[in-house]
Amino acid sequence: MNCRSEVLEVSVEGRQVDEAMLALLHTILLHRSTGKFHYKKEGTYSIGTVGTQDIDCDFIDFTFVRVSSDELDRVIRKAVGEFKDALCNSGNDGVGQISLEFYQKKKSRWPFSDECIPWEVWSIKVNVVNLANEQERQICREKVGEKLGEKVINIVEVINRHEYLPKMPTQSEVDNVFDTSLKDVQPYLYKITYQITDSLGTSVSTTMRRLIKDTLAL
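Residues numbered from 1 in each chain as written. Predicted model: local features only at pLDDT ≥ 70, side-chain atom pairs only at ≥ 80, totals over all residues. Heavy atoms only, no water.

The chain goes by Autophagy-related protein 101 in an unreviewed UniProt entry, where it is assigned to Chanos chanos. Taken from UniProt, the Subcellular location (unreviewed entry) comment for the chain reads in full: "Preautophagosomal structure". The UniProt entry for the chain carries this comment under Sequence similarities (unreviewed entry): "Belongs to the ATG101 family." (UniProt positions renumbered as here; feature names shortened; annotations may be inferred.)

Draft legend 1. Up close: the overall build of the chain. When you go through the chain residue by residue, the secondary structure sums to 4 helices and 10 strands. N-terminal to C-terminal, the α/β element order of the chain is β-α-β-β-β-β-β-α-β-β-α-β-β-α. Evaluated residue by residue, the chain yields a buried proportion of 44% over its 218 residues. If you take every contact in the chain between residues at least 6 apart in sequence, the share linking residues at least 24 apart comes to 73%. Summed over all atoms, the accessible surface of the chain reaches about 11,700 Å², with 46% contributed by carbon and sulfur. (Helix = DSSP H or I, 4+ residues; strand = E, 2+ residues; numbered from the N terminus. Buried < 20%, exposed > 50% of the residue type's maximum accessible area, 1.4 Å probe, protein only. Contact = heavy atoms within 4.5 Å. Areas by Shrake-Rupley, 256 points an atom, 1.4 Å probe, with all protein chains shown as cover.)

Draft legend 2. Here's a closer look at the sheet that holds strand β8 (residues 115-129). Spatially, 4 strands are ordered β1-β8-β7-β10 in an open sheet, and the strand pairing comes out mixed. Each edge of the open sheet is held by one strand with a lone partner, namely β1 (4-13) and β10 (190-196). Averaged over all pairs of adjacent strands, the angle between their axes in this sheet comes to 20°, without regard to strand direction. Across 7 bridges, the pairing between strand β7 (residues 95-106) and β10 is antiparallel. Of the residues in β10, the one forming a bridge with Glu101 is Lys191. In this fold helix α2 (residues 70-88) packs onto β7, β8 and β10, with an angle of close to 10° to the strand it touches most, β10. Helix α3 (residues 134-159) contacts β1 and β8 of the sheet and is inclined by roughly 170° relative to β1. (Pairing = 2+ DSSP bridges. Axes fitted to C-alpha atoms, helices over the stretch in contact; angles between N-to-C directions.)

Draft legend 3. Highlighting the confidence of the model for the chain. With 88% of its residues at a pLDDT of at least 70, the chain reaches an overall mean of 88. Across residues 199-203 the pLDDT falls below 50, and counting only partners more than four positions away or on other chains, this stretch makes 7 contacts in the model. (pLDDT = per-residue confidence, 0-100.)

Draft legend 4. View of helix α1 (residues 17-30). Here α1 is 14 residues long and its end C-alpha atoms lie 20 Å apart, about the 20 Å a rise of 1.5 Å per residue gives. Burial of α1 is extensive: 12 of the 14 residues sit out of reach of the surface. Residues of α1 that are buried: Val17, Glu19, Ala20, Met21, Leu22, Ala23, Leu24, Leu25, His26, Thr27, Ile28 and Leu29. (Expected span 1.5 Å × (residues − 1).)

Draft legend 5. Molecular detail of the side chain of His26. By the secondary structure assignment, His26 is in helix α1. You can call His26 buried: its relative accessible area is 1%. A distance of 2.9 Å separates the side chain of His26 from the side chain of Asp73, its partner in a polar contact. Once residues within four sequence positions are removed from consideration, His26 is found in contact with Phe64, Val65, Arg66, Asp73 and Ile76. (Polar contact = N/O pair within 3.5 Å; in protein donor to acceptor, adjacent residues only side chain to side chain.)

Draft legend 6. Inspection of the pairing of β1 at higher detail. Taken across its 10 residues, β1 has 7 buried, putting it largely inside the fold. Where β1 and β8 come together, 10 bridges link them in parallel fashion. Residue pairing for β8: Glu13 is matched across the bridge by Val129.

This is how it looks when you write it as structure tokens:
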């Protein structure tokens, strides 16, 4: 199986890291989650509904839609919070990457553990910019909102392609494909990882600074 890999790049102010990452990760998970499966007998099941919720950002002119699941939101917020803390404490000019990997399990014979096979990975490269004053912050607030809108459209376009998804599992195999630990939603199995590095490049942050300067010059 070939694993699809998608890369997004964003440049944000420090206080915008949480909201920008939550907006992108929740957008992806919204399209990679289903309602809970309710099995009547092997091979016969119904799928519950998935509620959605609009979330307004405090530091970005942007509203995103997420699955209406407080449990899932807590998991994502915890991962994003750890990433932001590591990013702020790294001393590497605020450059890092957070990744959302979807995988399925392949059962292995005892005594070996199950094999986790990734089928889609989203990597978000983040550059944190330092701004001089409130005027620059206001411009950044608007520009980051515009960029997030573009990224969300890009995510939806990628997800709407007819490419590989794990086939719907039987009742005995549902835990090999979906995370069934949440009571109100059922995302495909996933994991979130991050790395902090100064080798991701500065093209995005340079572009953001140029956008702010160009706007100030108008």
